[in-house]
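If you want the building blocks of each chain, they are given just below.
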Amino acid sequence: MSISMKAAGPDTEETVAQGAGARTVAPSARIKGFPFPFRDDAYRYSTNVEPALQAVQTEAGGWGERIIDIDADYLEELGQRELVLKKDPTRMQLMDHMRPAVWDAIATLLPLMASMYPDTMRFHRDGRHCRWRNELQGLELTFVIGEDASLPMGPLHFLGSQIQDDIVLMDQREGTLWLDAGLVTFAADWSMGFDVGMRFLEVHGPVPRVHEENIITRAHQFLLRLQPGEQYRRTNWTMTVDRRLDTSTETYPDWAKDRTLVVSDPALPDRLHLRVEVQHLIKLPTSGALLFLVRTYLASLREIAAVPAWRERLGKVLEELPSDMAEYKGIDRYRQAAASWLLGGE
Ligand code: HEM
């Protein structure tokens, strides 16, 4: 399957639909592949883990056929990642014992990408010697699996320069999973630098409800039993003001105040975005580490409103969401304003 980098410009179809109200626009290319996460008019946490690679049809199009999804925002987002990393190298963490896991992730993902995007990507492997070609970046290079010096920027940074996903690697030992490596530039209000070295259950410490409801302990048990090569996924969501991918704890002073300011801004429908993460969980075949990929998608309320079923559903979910969950997600200040806009009142 070839990708449509040129054809799928984000705004190519954003024309006002004939005869529709001023708020309705035709779905953009971005919206067609958007992983709208709600199956109901109310949202609660659950152990929502399912096998990867299942195609999901939505009212606007579909998603889910690929583990690595490359879209029209590829180069732009990778450019942002480089800027974030340059400013704050702590977004990349690598404990020494995780080096084999990083190579395992590279050896797993590059062939997958080449098979999904044969028009632009090629991977060839002969023993430990590999050749990688990525025409979207005008890149062609060779490297040796296991030899860090064979990739000038280092293997983890290299992997993060090829995929839009944030990358986390969990080590499995002493009956638990340890967050011992990762490259996370687009965290939804958490910090790679702070979480590195933590156990799975500690990482989820701040999340409300999931402990009483045993959601995290059940997910933990499930992940511990994964077999090499198994691939699962789940979605998660929150909201973000503007198309800001970097909402890491480190940049809190840059984005936190917008959550209040946006409420009285007439541009609210264009500034407020539904932020959906498609998270993949892959038990790596050689190292036994668990690869956790987080791909973040943003769609503004106005883009969402182009799909009537989504407009109504998101409006109802936001209106109904219990306050502890809204507070944890950091959306409590503006979610009623968002719901009112979506459900009718301008
Ligand atoms: C091994 C892979 C995983 C890692 C590394 C991970 C990491 C994280 C992190 C860092 C957060 C933010 C916590 C904070 O506020 O500081 C989070 C939130 C959360 N995680 Fe995970 N997670 C993983 C897998 C899962 C799984 C399998 C579930 C299944 C139930 C899950 C459920 C949640 C939930 C419900 C939240 C709260 C999200 C929100 O309301 O925005 N996680 N996770």
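These lines cover the structure that appears in this document, whether it is placed above or below. (Residues numbered from 1 in each chain as written. Predicted model: local features only at pLDDT ≥ 70, side-chain atom pairs only at ≥ 80, totals over all residues. Heavy atoms only, no water.)

## Some details on unusual backbone geometry
Rules: Numbering of helices and strands starts at the N terminus; helices are DSSP runs of H or I of at least 4 residues and strands are runs of E of at least 2. Classification of residues uses two cut-offs on accessible area relative to the type maximum, computed with a 1.4 Å probe and protein chains only: under 20% is buried, over 50% is exposed, and between them is partly exposed.
Phi is positive for Asp-189, close to 60 degrees, though the residue is something other than glycine. Among the structural elements, Asp-189 can be located in the loop between strand S9 (176–183) and helix H5 (192–195). For Asp-189, a relative accessible area of 36% translates into the label partly exposed. One non-glycine residue, Asn-214, lies in positive phi territory at about 60 degrees. Of note, Asn-214 is situated in the loop between helix H6 (200–203) and helix H7 (215–224).

## Considerations on the coordination of the iron atom of the ligand
Threshold: Metal coordination here is assigned from N, O and S atoms located within 2.8 Å of the ion, or within 3.2 Å for Na, K and Ca; omission of water means that sites may look incomplete.
If you check the protein contacts of the iron atom of the ligand, you find one donor only, His-204 (NE2), at 2.0 Å. Along the chain, His-204 turns up in the loop between H6 and H7.

## Looking at the packing of aromatic side chains
Condition: Stacked, edge-to-face and tilted labels apply to pairs of Phe, Tyr and Trp rings (six-membered ring for Trp) whose centres lie within 6.5 Å, assigned for plane angles under 30 degrees, over 60, and everything in between, in that order.
Scanning the entire structure with this criterion turns up eleven aromatic pairs. Taking the centre distance of 5.9 Å and the plane angle of 55 degrees together, the rings of Phe-143 and Phe-158 count as tilted. A residue pair is termed long-range when its members are at least 10 positions apart, and Phe-143 in strand S7 (residues 139–144) and Phe-158 in helix H4 (residues 155–160) qualify at 15 residues. Take Phe-143: its relative accessible area is 2%, and that puts it in the buried class. By relative accessible area, Phe-158 is classed as buried at 2%. Relative to Trp-255, the ring of Tyr-252 has its centre 5.2 Å away and its plane inclined at 75 degrees; by these criteria the two rings are edge-to-face. Pair noted here: Tyr-252 and Trp-255 are both in helix H8 (residues 252–255), with a separation of three residues, about one helical turn. A residue is classified by how much of its surface remains accessible, and Tyr-252, at 37% relative accessible area, is partly exposed. Connected via pairs of aromatic rings, a cluster forms that spans Phe-34, Phe-36, Phe-38, Tyr-43, Tyr-45, Trp-237 and Trp-310.

## Some details on the sheet that holds strand S4 (residues 92–94)
Note the cut-off: Only when DSSP finds a minimum of two bridges between them are two strands counted as paired. The contact definition used throughout considers only heavy atoms, calling two residues in contact when any of these lie within 4.5 Å. Working convention: axes come from line fits to C-alpha atoms, limited for helices to the stretch in contact. Angles between N-to-C directions cover 0 to 180 degrees.
Taken together, the seven strands give an open sheet; going across it, the order is S1-S10-S11-S12-S8-S9-S4, and neighbouring strands pair in antiparallel fashion. Only two strands of the sheet have a single neighbouring strand rather than two, namely strand S1 (50–51) and S4. On top of the sheet, H7 reaches strand S8 (166–173), S9, strand S10 (231–241), strand S11 (272–283) and strand S12 (290–300); it is set at about 80 degrees to S9, its chief contact.

## Quick look at the sheet that holds strand S5 (residues 121–126)
The strand order S5-S6-S7 describes an open sheet built from three strands, whose pairing is antiparallel. Two strands close off the open sheet at either side, each with one partner strand: S5 and S7. This sheet shows a mean twist of 10 degrees between the axes of neighbouring strands, independent of strand direction. In the sheet, strand S6 (residues 129–134) pairs with S7 via six bridges, with the strands oriented antiparallel.

## Quick notes on the pairing of S6
Where burial is concerned, the two faces of S6 differ: the one with Cys-130, Trp-132 and Asn-134 is buried and the one with His-129, Arg-131 and Arg-133 is not. Relative to S6, S5 runs antiparallel, the two being bridged by six bridges. Residue Met-121 lies in a different strand from S6, and its bridge partner there is Asn-134. Between S5 and S6, which pair antiparallel in sequence order, lie two residues; one of them, Gly-127, sits at a positive phi of approximately 65 degrees.

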